[in-house]
Amino acid sequence: MLTDVLTGWTAETLGGLTLLAGTAAWGWLRRRRNPAAPGAAPATETARQVRTYTLLGVRAADGQPVHWPSSRPAGVRITWTGPAGKREQFELTDAVLPDGTYAAELVSVYPDRSAY
């Protein structure tokens, strides 16, 4: 009697596991055959274009303007550490410069109006 219970239980368990594995394989193959539409980003991710910003009023050690690649939107402030270790904040803008890069303005040039 005990052997009948064990063999019946084993057959039912193996049958259930086989169905579970088959369902998982079918779902995996279905997702693999039907990928998301090209260029469509999931709702949780937003693809942003990388822009090159020119930090206005700043020169590198070789005298060239400093360029900063970023995918952040305009209005975000970034902190840049210069060659002398001085930290300066810049605000990214939508203004396009003649060389095709976007302008990043030095924040300390403008007075802080919140103090008034």
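Here's what I pulled together on the structure shown here. (Residues numbered from 1 in each chain as written. Predicted model: local features only at pLDDT ≥ 70, side-chain atom pairs only at ≥ 80, totals over all residues. Heavy atoms only, no water.)

For the rest of this paragraph, the subject is the environment of Arg59. One can find Arg59 in strand β1 (residues 51-59). The exposure class of Arg59 is exposed, given its relative accessible area of 54%. With residues near it in sequence (within four places) discarded, Arg59 still touches Gln64, Pro65 and Val66. (Helix = DSSP H or I, 4+ residues; strand = E, 2+ residues; numbered from the N terminus. Buried < 20%, exposed > 50% of the residue type's maximum accessible area, 1.4 Å probe, protein only. Contact = heavy atoms within 4.5 Å.)

Following the criterion strictly, the structure yields 2 aromatic pairs and no others. Seen in terms of ring centroids, Tyr53 and Tyr102 are 5.8 Å apart; in terms of plane orientation they differ by 50 degrees. Their pairing is tilted. In this pair, Tyr53 is assigned in strand β1 and Tyr102 in strand β5 (residues 102-106), connecting sequence segments 49 residues apart. The ring of Tyr102 has Arg51 sitting right over it, with the charged end atom 4.1 Å from the ring centre. (Phe/Tyr/Trp six-rings, centres within 6.5 Å; stacked < 30°, edge-to-face > 60°. Lys NZ or Arg CZ within 6 Å of the ring centre and 35° of its normal.)

So, on to a nonpolar patch on the surface. Side chains of Leu14, Leu17 and Leu20 sit close together on the surface and give an oily, nonpolar patch of about 320 Å² of accessible area. In this structure, Leu20 sits in helix α1 (residues 2-33). Under the relative-accessibility criterion, Leu20 is labelled exposed at 56%. (Patch = residues over 30% accessible without salt bridge, like charges linked within 9 Å, V, L, I, M, F, W, Y side chains within 5 Å. Areas by Shrake-Rupley, 256 points an atom, 1.4 Å probe, with all protein chains shown as cover. Salt bridge = Lys/Arg side-chain N within 4 Å of Asp/Glu carboxyl O.)

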